[in-house]
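In case you want the letters, here they are:
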Amino acid sequence: MMVEEFEFYRKVRANYCNVSFMMWFTYRLSHRHSKTATARGAFSCGVNAHTQTLEYTIQLKSEPIGRPYSESGTFLFPSVYEEIPQQVIEYENYPIHKQRYRVPITYDWHEFVRSGARSGINVHTMQALLGKWKLRGKGEDFVDAKLKVTKLQFDW
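Rules of the game
Along each chain, residues carry numbers from 1 onward, in the same order as the chain's sequence is written. Only residues with pLDDT of at least 70 are given local features in this predicted model, and only at 80 or more are side-chain atom pairs given and counted; all residues enter the totals for whole chains, interfaces and linings. Side-chain metrics rest on all non-hydrogen atoms present in the structure, leaving aside hydrogens and water. Under the scheme used here, helices are H or I runs from DSSP no shorter than 4 residues and strands are E runs no shorter than 2 residues, and both carry numbers assigned from the N terminus. Burial classes follow relative accessibility: with a 1.4 Å probe on protein chains only, a residue under 20% of its type's maximum area counts as buried, one over 50% as exposed, and anything between as partly exposed. Here, residues are in contact when the closest pair of their heavy atoms is within 4.5 Å. Counting rule for disulfides: a pair of cysteine sulfur atoms within 2.5 Å. Note on aromatic pairs: the rings of Phe, Tyr and Trp (six-membered ring only in Trp) are paired at centre separations within 6.5 Å, and the planes decide the class, stacked below 30 degrees, edge-to-face beyond 60, tilted for the rest. In the cavity and pocket records, a cavity denotes points on a 1 Å grid over the protein atoms alone where a 1.4 Å probe fits but cannot get out, a pocket denotes an open set with protein on both sides within 12 Å along at least 5 of 7 lines, and lining residues are residues with an atom within 4 Å of a point. Grid points are joined across faces, edges and corners, and a volume is the space filled by probe spheres set on the points. Residues were grouped as follows: Ala, Val, Leu, Ile, Met, Phe, Trp, Tyr, Cys and Pro as nonpolar; Asp, Glu, Lys and Arg as charged; and all remaining residues, including Gly, as polar. Pairing between strands is defined by DSSP: at least two bridges between them are needed. Structural elements are reduced to axes, namely lines fitted to C-alpha atoms, with helices fitted over the stretch in contact, and the angle between N-to-C directions of any two is expressed from 0 to 180 degrees.

## Description of the side chain of T53
For step 1, the next point in the chain: For T53, the location among the structural elements is in strand β3 (residues 53–62).
For step 2, the next point in the chain: Taking the relative accessible area as the measure of exposure, T53 reaches 9% and is therefore buried.
For step 3, the next point in the chain: In contact with T53, not counting residues within four places along its chain, are G46, V47, N48, Q99, R100 and Y101.

## What to know about the state of the cysteines
For step 1, the next point in the chain: Overall, the coordinates contain 0 disulfides when judged by the stated rule.
For step 2, the next point in the chain: Between C17, a free cysteine, and C45, which holds the nearest cysteine sulfur, the sulfur-to-sulfur gap is 9.8 Å.

## Digging into the packing of aromatic side chains
For step 1, the next point in the chain: Across all of its chains, the model carries 11 aromatic pairs by this definition.
For step 2, the next point in the chain: Ring geometry for F21 and F154: centres 5.9 Å apart, planes at 55°, overall tilted. Taken as a pair, F21 in strand β1 (residues 19–30) and F154 in strand β11 (residues 148–154) lie far apart in primary sequence, 133 residues in all.
For step 3, the next point in the chain: The class of F21 is buried, set by a relative accessible area of 1%.
For step 4, the next point in the chain: Centroid distance F43 to Y56: 6.0 Å. Interplanar angle 45°. Geometry classified as tilted. Taken together, the positions of F43 in strand β2 (residues 33–48) and Y56 in strand β3 put the pair 13 residues apart, joining distant regions of the chain.
For step 5, the next point in the chain: Overall, the relative accessible area of 0% leaves F43 in the buried class.
For step 6, the next point in the chain: Three or more aromatic residues joined by ring pairs make a cluster, and in this case those are F21, F43, Y56, F154 and W156.

## Some remarks on the layout of surface pockets
For step 1, the next point in the chain: The volume enclosed by the largest pocket comes to roughly 160 Å³.
For step 2, the next point in the chain: Along the walls of the largest pocket sit Q127, L130, G131, W133, K134, L135, F142, V143, D144, A145, K146 and L147, which together make up its complete lining.
For step 3, the next point in the chain: When residues of the lining of the largest pocket are assigned to their parent elements, the largest contribution, 3 residues, is made by helix α3 (residues 123–132).
For step 4, the next point in the chain: In terms of residue class, the lining of the largest pocket is built from 7 nonpolar, 2 polar and 3 charged.

## Quick notes on the sheet that holds β3
For step 1, the next point in the chain: The antiparallel open sheet is built from 5 strands, whose spatial order is β8-β3-β2-β1-β11. The strands lining the two open edges of the sheet, one partner per strand, are β8 (90–100) and β11. Averaged over all adjacent pairs, the angle separating strand axes in this sheet is 25°, with direction ignored.
For step 2, the next point in the chain: The sheet contact formed by β1 and β11 spans 6 bridges and is antiparallel. Directly across from M23, in β11, lies its bridge partner L152.

In structure tokens, the structure reads:
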């Protein structure tokens, strides 16, 4: 079944605008203890007809995360976990993936768009995205909370 390029553009915008997903991740609370948090997100897929690419952008907002100051360890290996005041991880219209499409569109374009979403928005890419986020400590310095994405689920 062949779809014209303009119709493809219209259908992609209509069907794949603000598709929601959930992300579960952990962060280090104290020595040997991690806490699970969730983030709600949505992706939108747009068509750039000039370059014949699908462009995926995401919005992501986590629940508030934070931790108290704690220390633990032995004489040789002390561990200090700086306080992290309550804060939210948030991305708005962040470009996450681009994928070229072929013309004429004689293939299953729904599966093509979904496979692009799955390859561009997955545990590995979201882990890299969380790696770019800097959590602020109590003294406005950056603190590593050892964020780790554990699961991602789309609401098709």
